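Working through the structure, step by step
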Amino acid sequence: MLWREAAREGLALLVSSNCSCFNKLLQVHAKIVSLGQHQNAFLASLLITKYCSFGRTQAARLVLRSVQYKPGSLLWNSMMRGCLKNRQFGWALDVYHEMVSFKSQADEQTFHLVIKACTELAELDFAIGVHESMKMGGVELGALVGTELINIYCKFGRVDVGRQVFDEMLEKDSVSWNAMIAGYARSGLLYDAMKLFCCMRCSGNVVRPTEATFISLISACGNSRWLIVGEVVCADVMKLGFENFVSLCNSIIEMYNKCKCVAVASKLFDGMLGKDVVSWNSMIAGYAQNGCEKEALLLFHRMLRHAAVMPTRATLLNVLRACADLRLWQEGERIVKYCRDKAGLEMDVSLGTALISMYTKCRKMNAALKLFSRMPDRDVITWNTMVKAYVDLEQYNELSNFLFNMQCHGILPDEVTMLIILPMLASTASLRKGNETHACVIKRGLNTDRAVANALIDMYAKCGKISYSRAVFERILDKDVVSWTAIISGYAIHGDCNEALSLFALMQQSDATPNDYTFTAVLTACNHAGLVEMGKEIFRSMSEVYGIKPGVRHYACMADLFCRIGLLAEAYQMAQEMPTDSAKVWGSILSACRIYCNPGLAEKVATHLFKLEPRNAANYVLLASIYVSAGRRNDANKILRLLKENDLPKDSGASWIEWQCSVA
């Protein structure tokens, strides 16, 4: 017996330490079999682990199956761990199925491994089944398996169940707390995340926040644009001495950039003792996304000159965005060439798409098409970039051919494609193309997408088919504020004030809260119907009931409403109270002065308009027309002479028509 024990120990040492290559492992395995030790569970588990370390999971499974008696979890856990290490998550679940069929006793490690595989495979139902079997077996929720359950429940939006698991756990470490806080944060439940964080802080020194805790909270603050809470968390970061952790500083920089505090982010970036490539990328992205494109390019060149890090693909994508916004396509080309030569960045789909976007923003359609045709791999995002370019450049007929070509290449339009096309069809009132696009939406199964349905409501309303808009609206199960606003706006532009106001009343009873766009639509309806008192009441309710500060659009609606029924003095007062001057509002008052023949007020309004739009000839012509209507021919001639002396151009009108399946 002693020699057998010594042999087992020697063989275990050989497997663990001396098998540096696969062939040597095969030799040791053969020796184990020849000595009759292949049924030993401990040696078999070591062989399984070693085979998996070489990526030979099939051989490891043969070892597992060769052991006839395996009542415990040792072998099964080794096999599942090896499958996870080799990213063969489906095999890990198969091993668990075999284990259950063998009626082997699972332990906490087993459940942890199988739930981890479920998380990777997005197999929530399987994980729920495992969780139920744990409850039935009376398995206590330890930190390891409990944390993994929290992860998978929160990943699928079942945060309430995740919290239930968290509360049932007998012991919780910092990883468990972080998993639950991160689950709340990823689901946008920042209040709950902060509340749990406060509980963590109040636990004394039992569980202390880690770097991961703060990264989750600060990222959530950035995504929610909740700067005040973010700065409170940052104060705790300083208090607990985490201020020099690079990853945490990167998260804080990203939060400030998302909250449009670029100057604060820049100051923090400059004060960092150590910067990695993520630090540079975060700051460059912050500049590019907040209208500081020149600063983004300057920082990129500073990175090339002074930093010990090389640009990555993320760096290049942000820099190309800045070049596109600055219309510096040649600079973008030079940067791509430099990164390809010096940093070894090869062209891929994401980089090619960014270059195409840059070319199209710079109106270099030929260069974009040339690059597009040369790209070996093109995903739907690349095709959508070209679709958007055709829409932005108003090349609608070319777009039809391109969409046909897109489908011929096996790329099916997605919801993003539809959200690009439908607003274009609405602006051109192309009903036939709109019907065709709607058919494509139904065929692709995108009619359940709320954003696409909202775009369809708007498109049909602007194409004159409000009944079609209503039909689409009624089919939306979970209507949001955009859905309600779109249909109310549709009825408003069709002059059906009663239906618009009726829908607004229904909206107020629903879960959707009106926003400033909703009020624009409702005020437009009141405007078209001449409902002054109703318009005044709704305008007042914006700030008094909903806390929405009226903008230029709302003042414009009210001024136009007053003009429509001849209350020019009220309209003039409304225009003066606007937070920002709008030539459109003053122009509508001037037009009303012509209708109601009020040359005195027209002079005041026109004087203001001449300052706002000194080169707009229409304002001069309109004032001259008002003078003529009032019998003041000499004053009219003075204005027309002024128009001629200033050599002001008269803009020609234009419109789209649909003719023989084309838009012209």
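What follows is about helix α28 (residues 466-475). Looking at α28, one finds that the buried residues are Ile466, Ser469, Val472 and Phe473. Buried residues of α28, seen end-on, are gathered within an arc of 115° and therefore sit on one face of the element. Looking at the buried side of α28, the elements it contacts are α26 (431-443), α27 (450-462), α29 (481-493) and α30 (497-509).

With that settled, consider a nonpolar patch on the surface. Together, Tyr191, Trp226, Ile228 and Val232 make up a nonpolar patch on the protein surface, roughly 470 Å² of accessible area in all. Position of Trp226 relative to the elements: it lies in the loop between α13 (211-224) and α14 (227-239). Its relative accessible area of 38% is what places Trp226 among the partly exposed residues.

Running from N to C, helix α35 (residues 583-595) and helix α37 (residues 617-629) cross one another at 20°; their axes reach a closest spacing of 9 Å. By the angle class used here, α35 and α37 are roughly parallel. As α35 packs across α37, the resulting crossing turns out to be left-handed. Of α37, the residues touching α35 (which contributes Gly587, Leu590, Ser591, Cys593 and Arg594) are Asn619, Leu622, Ser625 and Ile626. Residue classes in the contact of α35 with α37 are distributed as four nonpolar, four polar and one charged.

A word on the packing of aromatic side chains. For the coordinates displayed, the defined rule picks out 19 aromatic pairs. An angle of 45° between the planes, with centres 5.2 Å apart, marks the rings of Trp383 and Phe402 as tilted. Of the two residues, Trp383 is situated in helix α23 (residues 380-392) and Phe402 in helix α24 (residues 396-408); the sequence distance between them amounts to 19 residues. Both residues of the pair, Trp383 and Phe402, belong to the buried class. Aromatic side chains Tyr460 and Tyr468 sit 5.2 Å apart centroid to centroid with 85° between the ring planes, which places their arrangement in the edge-to-face category.

Procedures and definitions
- Residues numbered from 1 in each chain as written.
- Predicted model: local features only at pLDDT ≥ 70, side-chain atom pairs only at ≥ 80, totals over all residues.
- Heavy atoms only, no water.
- Buried < 20%, exposed > 50% of the residue type's maximum accessible area, 1.4 Å probe, protein only.
- Helix = DSSP H or I, 4+ residues; strand = E, 2+ residues; numbered from the N terminus.
- Arc of directions from axis to C-beta.
- Contact = heavy atoms within 4.5 Å.
- Patch = residues over 30% accessible without salt bridge, like charges linked within 9 Å, V, L, I, M, F, W, Y side chains within 5 Å.
- Areas by Shrake-Rupley, 256 points an atom, 1.4 Å probe, with all protein chains shown as cover.
- Salt bridge = Lys/Arg side-chain N within 4 Å of Asp/Glu carboxyl O.
- Axes fitted to C-alpha atoms, helices over the stretch in contact; angles between N-to-C directions.
- Parallel < 35°, antiparallel > 145°, perpendicular 65-115°, else oblique.
- Left-handed = near helix turned anticlockwise from the far one by under 90°.
- Nonpolar A, V, L, I, M, F, W, Y, C, P; charged D, E, K, R; others polar.
- Phe/Tyr/Trp six-rings, centres within 6.5 Å; stacked < 30°, edge-to-face > 60°.

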